[in-house]
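Here is what each chain is made of, one letter per residue.
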Amino acid sequence: YNAVNDAGSGVGVLGDTKPLNTYFSSGTYYLYDTTKAMTGVIETRTAANSTSLPGNYSVDPDNNFNATSQRADVDAHYYAGVVYDYFKNTHNRNSFDNRGATIRSTVHYSRNYNNAFWNGSQMVYGDGDGTTFRALSGALDVVAHELTHAVTERTAGLEYQNQSGALNESISDTFGVFLDKKNYLIGEDVYTPNKPGDALRSLSDPGLYGQPDHMSKYVNTTADNGGVHTNSGIPNKAAYLTISKLGTSVAEKIYYRALTVYLSPKSNFKDARSSLLAAAADLYGSGSTQYNAVASAWTQVGVN
Ligand SMILES: CCC(=O)Oc1c(C)cccc1C(=O)O
Ligand SMILES: [Ca+2]
Ligand SMILES: [Zn+2]
């Protein structure tokens, strides 16, 4: 018989136990979650250290996914569910396409792979090399970052180069902070596991990790698609200033409306300012406290 959405459990990358929505079929439990109001499902697979996608389903014989080798699978699956719930409950968005598309993740991609990405169809996570990263699905802000790339692709479609690309990156980091509210850092839970207290990026102080925090420090380069992971520091700082002044619940409404209504593929930083102001005006009124906080944030990073 097929027992749907069994209450499984698992141990994540940081050794923490969490509940899992699994699926039982022919004597095996699958990381296959049919409990969401989707047309699709949330499914998690393993590439078993190969680079072939999507790989095979992550399975377990007793619905207790507690093997060390399963930790990345557990967190990819659990955090995908958390991010799905966030977009549905907070923004009334049903998966990245707003039509309940299946959310597919593959973990154990390649070897010593210090990377995570949305490949246009699914999320993919490396295990890290144990020095620069541990398994990248072990951080909620990383999973939120990757799934937000999918949302951005289906909405604003920000081209992944130069200023629109840095905005694309910043939107993903900003929603990473909306989900992982404990600080304004990105990747801290999986970055340099042997070195406490650091992170991949900081929204409050981008300069801590070599990013500009003002337009006057914009880096003109051909590397990294025009420095999309560098120049994202400028909109990231504006996001920090906005969130710290208005709070997450107001800021996330302004950002989500800007992303889904006003931003477009070639939007630059100035367009981001006007898109966020337009969203703030729609939601709270032009000249409102919220509107003025957005204006002030972007002026402080040199985008007027
Ligand atoms: C916060 C997640 C993140 O930045 O993932 C990436 C990594 C670790 C390397 C290269 C690209 C990305 C990305 O998703 O942009
Ligand atoms: Ca974080
Ligand atoms: Zn990214």
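One can find the structure itself at the top, above this paragraph.
What you see is a predicted model, and the numbers here were worked out from it, not measured in a lab.

**Some details on the side chain of Asp189**
- By the secondary structure assignment, Asp189 is in the loop between strand S12 (185-186) and strand S13 (201-202).
- Overall, Asp189 belongs to the buried group, its relative accessible area being 18%.
- A distance of 2.8 Å separates polar atoms of two side chains, one belonging to Asp189 and the other to Lys182.
- Once residues lying within four places of it in the same chain are set aside, the contact partners of Asp189 are Leu14, Arg134, Gly138, Ala139, Asp180 and Lys182.

**Observations concerning the site of ligand 1**
- Taken together, the neighbourhood of ligand 1 is formed by 13 residues, with Asn115, Glu146, Glu169, Arg201 and His229 sitting nearest.
- In the environment of ligand 1, an oxygen atom lies 3.4 Å from a nitrogen or oxygen atom belonging to the backbone of Ala116.
- Here Arg201 contributes a side-chain N or O atom positioned 2.8 Å from an oxygen atom of ligand 1.
- In the complex, 86% of the free accessible area of ligand 1, which totals 370 Å², lies under the protein chains.
- A majority-of-atoms criterion places ligand 1 in the largest pocket.
- In terms of residues, the shell around ligand 1 owes the most to one element, helix H2 (residues 140-154), which gives three residues.
- In terms of residue class, the shell around ligand 1 is made up of six nonpolar, four polar and three charged.

About the criteria used
Residues numbered from 1 in each chain as written. Chains lettered and ligands numbered in written order. Predicted model: local features only at pLDDT ≥ 70, side-chain atom pairs only at ≥ 80, totals over all residues. Heavy atoms only, no water. Helix = DSSP H or I, 4+ residues; strand = E, 2+ residues; numbered from the N terminus. Buried < 20%, exposed > 50% of the residue type's maximum accessible area, 1.4 Å probe, protein only. Polar contact = N/O pair within 3.5 Å; in protein donor to acceptor, adjacent residues only side chain to side chain. Contact = heavy atoms within 4.5 Å. Near = heavy atom within 4 Å. Areas by Shrake-Rupley, 256 points an atom, 1.4 Å probe, with all protein chains shown as cover. 1 Å grid on protein atoms, 1.4 Å probe; cavity = no way out; pocket = protein on both sides within 12 Å on 5 of 7 lines; lining within 4 Å. Sits in = over half its atoms within 2 Å of the grid points. Nonpolar A, V, L, I, M, F, W, Y, C, P; charged D, E, K, R; others polar.

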